[in-house]
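Here are the chains, one letter per residue:
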Amino acid sequence: MSNYKFILSGGGTGGHIYPAISIANELKSRFPEAQFLFVGAKDRMEMEKVPEAGYEIKGLWISGIQRRLSLKNFVFPFKLIDSFLKAGKIVKQFKPTMVIGTGGYASAPLVKVASAKGVKCVIQEQNSYPGIANKFLAGKAEKIFVAYDGLERFFPKNKIIKTGNPVRQDILNVSANVEEALEYFQLNKNKKVLLVLGGSLGARAINKLIEKELNFFAENNIQVIWQCGKLYYEEYKKYENKNIKVLAFLNKMNLAYTAADVIISRAGAGTVSELCIVGKPVIFIPSPNVAEDHQTKNAKALSGRNAAVLVKEVSLDSRFEKEFKSIITSETRQKELSKNIKKLALPHATKHIVDEIEKILKTL
Ligand SMILES: CC(=O)N[C@H]1[C@@H](OP(=O)(O)OP(=O)(O)OC[C@H]2O[C@@H](n3ccc(=O)[nH]c3=O)[C@H](O)[C@@H]2O)O[C@H](CO)[C@@H](O)[C@@H]1O
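Residues numbered from 1 in each chain as written. Predicted model: local features only at pLDDT ≥ 70, side-chain atom pairs only at ≥ 80, totals over all residues. Heavy atoms only, no water.

Of the comments in the UniProt record for the chain, the one headed Function (unreviewed entry) reads "Cell wall formation. Catalyzes the transfer of a GlcNAc subunit on undecaprenyl-pyrophosphoryl-MurNAc-pentapeptide (lipid intermediate I) to form undecaprenyl-pyrophosphoryl-MurNAc-(pentapeptide)GlcNAc (lipid intermediate II)." In its Pathway (unreviewed entry) section, the UniProt entry covering the chain states "Cell wall biogenesis; peptidoglycan biosynthesis." (UniProt positions renumbered as here; feature names shortened; annotations may be inferred.)

Right under this line is the structure:
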């Protein structure tokens, strides 16, 4: 039998969506007859990104619990009930062979309901510190695919398989055609390129830093591809010129990675996994606003091995220019960082995950 039906559920941010898309693509190439349905959160970016990748998606009325006291928390129980009911309906109608949860609010009701109905479920955790949804679902999952060591603190040890995070095919094959990439962004091939990544939603603190350092970059003859995030685009688009390319979102990450000589980035788990494959010098500025400060932990796993530079938001004023200069003025430093970050790449994550999924399918 190969006419399997898969539900992939996860979202809220790119970090949960792209792994699900990579897994679906690999399943599709192995089982061309299979059917796929994505389940995400209404109004979040998966509702746009998943159809762009060629898959159908249904949205649940769900959001996270606010960490501080907020009116939104009063609506939360109603959202939860509504999304459990809708998840139940979706599972009943679609009759999945298997459910794959990749974290984020929507995956919680969907995976919970499916497993209660006897459907085999697996989950994928991108971070070194798991999100609420995956912690809640761990008991229900057949297998838990992770990218970091030490997750047996949170998940049953016998279910954990370290695979790494799925990375999209075009990033795995990131091209050496720098000229094509520079042309795409209309950049000059005689100047170095800095790529600025604020994570899938953009990062206010990084945008403020880049705005402040524009003269510094000009003095150092640097061109910038600046992914500022959809929320901030109106505020920063005024800086666009022949050396500074301001974008809300990069639809061609592979070309951005190819064009870059040096990268400044948030330390979301998916981006970190991609950067290991890309193998360029990186300065991480982790978000301090995420659960258990997990981005700092993600970045430390690299900076501790001299595979990247970590500058905390609070130290930007005192350290940023010095760190940046020490990279762009030294080819030896660039090579050393590139060599070390590449050693941490896990490029076969998607295949490994789908191999494990196949093993479960064979038991059905
Ligand atoms: C603020 C927040 O909650 N961040 C979390 C979110 O990050 P975030 O959603 O930023 O996720 P990641 O850094 O893991 O991945 C971002 C993904 O979006 C893609 N991309 C990004 C920008 C762009 O312009 N174009 C594009 O295609 C990247 O190539 C990557 O595949 O999920 C991650 C994985 O669970 C967590 O580690 C982060 O802490």
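Text resumes after the structure shown.
I'd love a proper account of the overall build of the chain, names of residues and values included.
Looking only at helices and strands, the chain has 15 helices and 13 strands in total. The C-alpha atoms of the chain give 21 Å as radius of gyration, which agrees with the globular expectation for 364 residues (21 Å, within 12%). Referenced to the eigenvectors of the C-alpha coordinate spread, the extents of the chain come out at roughly 60 × 45 × 35 Å. Here the chain holds 364 residues, and the buried ones make up 54% of them. Considering only contacts in the chain between residues 6 or more positions apart, those separated by 24 or more positions represent 63%. (Helix = DSSP H or I, 4+ residues; strand = E, 2+ residues; numbered from the N terminus. Rg over C-alpha atoms; globule rule 2.2 N^0.38 Å. Buried < 20%, exposed > 50% of the residue type's maximum accessible area, 1.4 Å probe, protein only. Contact = heavy atoms within 4.5 Å.)

Can you explain the nonpolar core? Please cite residues and give values.
Residues Leu 195, Tyr 257 and Phe 284 are the most contacted members of the largest nonpolar core, which totals 62 residues. Ranked by size, the runner-up nonpolar core spans 29 residues in total, among them Ala 203, Leu 209, Phe 216 and Ile 222. (Core = buried A, V, L, I, M, F, W, Y, C linked by side-chain atoms within 4.5 Å.)

Go over the domain arrangement of the chain with me, naming the residues and quoting the values.
Considered domain by domain, the chain is made up of domain 1 (5–166 + 347–362) and domain 2 (171–342). The centre of domain 1, based on its C-alpha atoms, is set 29 Å off from the matching centre of domain 2. Facing the 16 residues of domain 1 at the interface are 17 residues of domain 2. Both faces combined, the contact of domain 1 with domain 2 buries some 1,200 Å², and carbon together with sulfur accounts for 56% of it. Here domain 1 is connected to domain 2 by one salt bridge. For Lys 230, the salt bridge is made with Glu 48, and the minimal N-O distance between the two is 3.8 Å. Counting across the interface, domain 1 meets domain 2 through five residue pairs in polar contact (both at pLDDT 80 or more). (Domains from an automatic or database assignment. Buried area = accessible area lost by both parts, 1.4 Å probe. Salt bridge = Lys/Arg side-chain N within 4 Å of Asp/Glu carboxyl O. Polar contact = N/O pair within 3.5 Å; in protein donor to acceptor, adjacent residues only side chain to side chain.)

Outline the site of the ligand, listing residues and values.
Close to the ligand lie 23 residues; Asn 127, Ser 200, Gly 270, Thr 271 and Glu 274 are nearest. In this structure, an oxygen atom belonging to the ligand sits 2.5 Å away from a side-chain N or O atom of Thr 271. The separation between an oxygen atom of the ligand and a polar side-chain atom of Gln 295 is 2.8 Å. Contact with the protein chains removes 88% of the 760 Å² of surface that the ligand exposes when unbound. (Near = heavy atom within 4 Å. Areas by Shrake-Rupley, 256 points an atom, 1.4 Å probe, with all protein chains shown as cover.)

Let's hear about the sheet that holds strand 9 (residues 222–227): which residues, and what values?
Spatially, the six strands line up as an open sheet ordered 10-9-8-11-12-13, and their pairing is parallel. In this open sheet, the two strands that pair with only one neighbour each are strand 10 (244–247) and strand 13 (309–310). Where strand 12 (residues 282–284) meets strand 13, two bridges bridge the pair, whose relative direction is parallel. The residue of strand 13 that forms the bridge with Ile 283 is Val 309. (Pairing = 2+ DSSP bridges.)

Let's hear about the side chain of Ser 22: which residues, and what values?
You can see Ser 22 is positioned in helix 1 (residues 14–30). Given the relative accessible area of 6%, Ser 22 is considered buried. Sequence-distant contacts of Ser 22, defined by excluding residues within four places in its chain, comprise Pro 166, Val 167, Arg 168 and Thr 350.

Run through the packing of helix 1 against helix 15 (residues 349–362), naming residues and quoting values.
Across the interface, helix 1 lies against helix 15 with an axial gap of 9 Å and an inter-helix angle of 60 degrees. Classified by the angle their axes make, helix 1 and helix 15 are oblique. Crossing geometry of helix 1 relative to helix 15 is assigned as right-handed. On the side of helix 1, the interface is formed by Ser 22, Ile 23, Glu 26, Leu 27 and Arg 30, while helix 15 contributes Thr 350, Lys 351, Ile 353, Val 354, Asp 355, Ile 357 and Glu 358. For the contact of helix 1 with helix 15, a count of residues per class yields five nonpolar, two polar and five charged. (Axes fitted to C-alpha atoms, helices over the stretch in contact; angles between N-to-C directions. Parallel < 35°, antiparallel > 145°, perpendicular 65-115°, else oblique. Left-handed = near helix turned anticlockwise from the far one by under 90°. Nonpolar A, V, L, I, M, F, W, Y, C, P; charged D, E, K, R; others polar.)

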